[in-house]
Each structure stands twice: as structure tokens, then as C-alpha cells.
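Reading the structure
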Amino acid sequence: MFMIFILFWAAGIYLLFRSRNEEEEHLILKLIGYYLLGTFTFSINGIVLPVGFIISLFLKPRQNRSVKRGSAIFGLVIMVISLFL
């Protein structure tokens, strides 16, 4: 199960990297950072708040904005899936 998750995660990041609009230095590391930001949560009395995703909405990157936003959404989706598993 863990290997399937790793392959799914790597494929998602790779597809986002391939859909970039312009060249950017260290883009793969930035996508991983946006993914981790999208998965960051804060829990209050059993209510899970996606704080990292909300923070990513306020960030205004200059290059590859849609790809970075997609990476944060990918992180949010993985976080929601992990809540149910």
C-alpha cells in the first residue's frame, strides 16, 4: 500500500512538473514545498482545518502560478483522502 502511495505521489508531482509554463530554477523542490503546504492541517476539537492550503492561497508566485496552485490542491486532496483511510 505504501509503495502505491509513493508511486501515486511521484506521478502527481511529475505530471505537475511537466505541465510548467516556463523554466524556473529548483521548480521540483518548490512543487514539493507547495504540496507539503497543502497537506498541513491544524486540528481543534476533532475539526481539521487545512491551514497550509489557506496560506498557499495568499502566496503570489511570479512564475508557474497555476502549477504551484495545482501542487497545493494535490496536497489538499491527499490530506482529505488520508482523513478517510
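See the structure shown above.
Here we summarise the structure given alongside this text. What you see is a predicted model; the values in this text were computed from it and never measured. (Residues numbered from 1 in each chain as written. Predicted model: local features only at pLDDT ≥ 70, side-chain atom pairs only at ≥ 80, totals over all residues. Heavy atoms only, no water.)

**Here we look at helix 1 (residues 2-18)**
Look at helix 1: 24 Å from first C-alpha to last across 17 residues, which is about the 24 Å you get at 1.5 Å a residue. Residues of helix 1 that are buried make contact with helix 2 (27-39) and helix 4 (65-84). (Helix = DSSP H or I, 4+ residues; strand = E, 2+ residues; numbered from the N terminus. Expected span 1.5 Å × (residues − 1). Contact = heavy atoms within 4.5 Å.)

**Quick notes on the packing of aromatic side chains**
Under the criterion given, the structure shown has 3 aromatic pairs. On the basis of an interplanar angle of 55° and a centroid distance of 5.7 Å, the ring pair of F8 and F74 is categorised as tilted. Pair noted here: F8 is in helix 1 and F74 is in helix 4, with a separation of 66 residues, a long-range link. Exposure remark for F8: the relative accessible area of 46% places this residue in the partly exposed category. By relative accessible area, which is 13% here, F74 ends up buried. (Phe/Tyr/Trp six-rings, centres within 6.5 Å; stacked < 30°, edge-to-face > 60°. Buried < 20%, exposed > 50% of the residue type's maximum accessible area, 1.4 Å probe, protein only.)

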